[in-house]
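# Structure at a glance
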Amino acid sequence: MREQIKQWLEVGYRANWVVWGLFTLLIFCQTLLFDHFAFKELALQPTPLNRFAMLISKMAAAMLFASLTFFLRDKRWLIVLSVAIDTWFVANLIYMRNNHILLDAEAFNMSANLNGYFWSVLIYIEWGIDLLFYGLTALFCCIYFFTIQSKRNWWGGLITILLAIGMRLFAEVLYVNNIENLTHQKAQYDAMPFIREHREPVYGTHFPTTVANTSVLYSPLYISSDYYLMVNDIQPDRPLTPHDYAMMRQLDKGQDTATLSGPLIIVLLESLENWVLTPKIMPNLYRLTTNEHVFYANRIHTQIVGAPSADGQMIVNTGLLPINAGATCMHYADNTFPAIMKLAPDSAICLLPHDTCVWNQTHMSPAYGYDSTIIYSDIDTILFRKLDSLVDHGYKYIQCITQSTHAPFVNEKYSNLNLPKTMPWVMYNFIRGFNALDDGLAHFIRKIETDTVLQDYTIVITGDHRILHREKRQQMQRYADRWRNKYTDADHKWIASLTPMDDCLPLIIYSPKISNNPHYSEDCYQMDIYPTYQSLLGVEDYRWHGFGINLLDEPNDVSCGVNKQKRPITEEEAFPLSDRLIRNNYFSR
């Protein structure tokens, strides 16, 4: 039977077409798998015609890549191409789990700026899903070895390329004619087959939606052109509008002269989420939340976009929100920012656990008003001892940023907290990592509570961003729920009260001006942090109080996530306005 198949394939160029058909089918199936795993939360609801157009576009992408079959004498090179495609799919899945977007030009632009963060991707690998793509390639290899070597077929390759481009253009016409049903936006037809929806260079329309409606295999064509424009500093023109200036007349007081009335310490705890701030996991920090002079808000919604750690630092220091795509720290480090530490009467120090090149800290620390940057790369216990030492030496304006609780949470090895071995490993490492972080904080917190040195300080402690993607949270929440319904171990019953799905950040502000330990339990935003602690520092006349509200004004009287009339500007308005303020260097005027 096998010999008969070989004889049939040897007639003309049939083998080429058979291998091309198998390879096209392989790539098409992988594209559909990718869409299922990557875009299931996007909740696309295409019309039947749009769905048909999407399938045609994905088939065209598969045909285009498979056309290489006709130009290769040795078809084993297709295995290399297939593995490369698998790697592209998996890399995009991992990046989307991490950053909620697909790989784009900004991701490659920042790749050399993340020294020390390489292993953080380990937490986002899901072996059962990611290895499936390579499994399909292995299946193709097995099928291939039942065929024979074949000749080149230049005409076959040209025909399949032209056919693929024609199908892509046809799908574009179908999609554009029905775009309102899908995205409620008017799209324009473009003669280029790989460009859609008047996509802006470098920072464009919702990139996952674009890829979901075409194919992730087209994204390198977007990325290559975007990256060229990015490195050549060709940015889209986004001037401030008359409406923007009208809004800024309400928000910008125009006064540049102000001085902080007291010392200030900002502590950013990497990836701190409110559900781990419990007496069992973080007893020292939890105890501080009950202090007479502490304000505590436990439902701060994160507003980071493209560079999580850097964006969180910018929001807390400046009251601005990040640019809508990309990283402010990589493109606008030379801007004039309305940073709180610029108002310090003495030297301000930034204490870091990583190299200054990470998040472009060499430029960003001075932009936020820090005169000196100290690198102290070690576990958090040592880092906070360095913070204590700076305070003892009379420094009054300090920012301290931790790193060890970033994924994959290797800090857990310093924890003595006993947890069940049945706990998902991410949950296990995450909880123990923050327990170890709390041990590092212990001496500093005792100093806040008892040492007269810190009596006059304003101390802000918060997380820079959430870190776990939805699938991990669901897995962890299911475990906590099972513990409540199934297990009775008294030593671990506290696990049942954990709420990993509640992914807000905590905010703890200590100040001698605060009394009665006010708590704020309503939903609010990271942009509220800056105006809240600013109100304690005697700078009411300073030009910039941010987009948010002072949570100390009306604790628990308003729901700032719902009652938007209480806000000078909504979150939906603040994001695009802040984007244009940063791009046009508004505060340099």
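Further up the page is the structure itself.
Here's a quick rundown of the structure. (Residues numbered from 1 in each chain as written. Predicted model: local features only at pLDDT ≥ 70, side-chain atom pairs only at ≥ 80, totals over all residues. Heavy atoms only, no water.)

A few words now on the environment of Arg567. Within the fold, Arg567 resides in the loop between helix H19 (529-534) and helix H20 (571-583). Its relative accessible area of 7% is what places Arg567 among the buried residues. For Arg567 and Gly548, which are 19 residues apart along the polypeptide, the C-alpha to C-alpha distance reads 7.0 Å. (Helix = DSSP H or I, 4+ residues; strand = E, 2+ residues; numbered from the N terminus. Buried < 20%, exposed > 50% of the residue type's maximum accessible area, 1.4 Å probe, protein only.)

Regarding helix H11 (residues 242-251), the residues found buried are Asp244, Met247, Met248 and Leu251. Down the axis of H11, the smallest arc covering the buried residues is 100°, so these residues share one side. Within H11, the exposed residues directed more than 90 degrees away from the buried face are Pro242, Arg249 and Gln250. Residues of H11 that are buried in the fold lie against H20. (Arc of directions from axis to C-beta. Contact = heavy atoms within 4.5 Å.)

Right, let's get into the packing of helix H16 (residues 380-392) against helix H17 (residues 425-450). Here H16 crosses H17 at 20°, and the two axes come no closer than 7 Å. The angle between H16 and H17 falls in the class roughly parallel. The way H16 lies across H17 gives a crossing that is right-handed. Touching Asp380, Thr381, Phe384, Leu387, Asp388, Val391 and Asp392 of H16 are Leu437, Gly440, Leu441, His443, Phe444 and Lys447, all from H17. Taken together, the residues of the contact of H16 with H17 sort by class into six nonpolar, three polar and four charged. (Axes fitted to C-alpha atoms, helices over the stretch in contact; angles between N-to-C directions. Parallel < 35°, antiparallel > 145°, perpendicular 65-115°, else oblique. Left-handed = near helix turned anticlockwise from the far one by under 90°. Nonpolar A, V, L, I, M, F, W, Y, C, P; charged D, E, K, R; others polar.)

To locate leftover empty space, one rolls a probe as large as a water molecule over the atoms. Summed over the entire model, instances satisfying the criterion amount to two cavities of 30 Å³ or more. The computed volume of the largest cavity comes to approximately 80 Å³. In terms of lining, the largest cavity is formed by Tyr117, Leu268, Glu270, Ser309, Ala310, Gln313, His354, Trp359, Gln361, Ile401, Thr402 and Asp464. Looking at the lining of the largest cavity, the element that brings in the most residues is helix H13 (residues 308-318), giving three residues. Of the residues belonging to the lining of the largest cavity, the class tally is five nonpolar, five polar and two charged. Volume-wise, the second largest cavity comes out at about 30 Å³. (1 Å grid on protein atoms, 1.4 Å probe; cavity = no way out; pocket = protein on both sides within 12 Å on 5 of 7 lines; lining within 4 Å. Points joined across faces, edges and corners; volume = space filled by probe spheres on them.)

The buried count for strand S1 (residues 264-269) comes to six of six residues, which makes it a mostly enclosed element. The alternating pattern of S1 places Leu264, Ile266 and Leu268 on one face and Ile265, Val267 and Leu269 on the opposite face, and all of these are buried. Looking at chain direction, S1 and strand S5 (residues 397-401) are connected through five bridges and run parallel. By the bridge assignment, Ile266 is partnered in S5 with Gln399. Pairing analysis gives six bridges linking S1 to strand S6 (residues 458-463), with the strands arranged parallel. Following the sheet pairing, Leu269 is matched in S6 by Gly463. (Pairing = 2+ DSSP bridges.)

Applying the stated criterion across every chain, the model contains 16 salt bridges. Close ionic contact of Asp130 with Arg97 constitutes a salt bridge, the shortest N to O distance being 3.0 Å. With Asp130 in helix H6 (residues 127-144) and Arg97 in helix H4 (residues 77-99), the pair connects residues that are 33 residues apart, well separated along the chain. The exposure classification of Asp130 matches that of Arg97, with both residues buried. Among the salt bridges present, the one from Arg543 reaches Asp252, with a minimum N-O distance of 2.8 Å. You can see Arg543 sitting in the loop between H19 and H20 and its partner Asp252 sitting in the loop between H11 and S1, a full 291 residues away along the chain. Asp252 gets classed as buried once you look at its relative accessible area, which sits at 13%. Connected via shared salt-bridge partners are Glu273, Arg466, Arg473 and Asp503. (Salt bridge = Lys/Arg side-chain N within 4 Å of Asp/Glu carboxyl O.)

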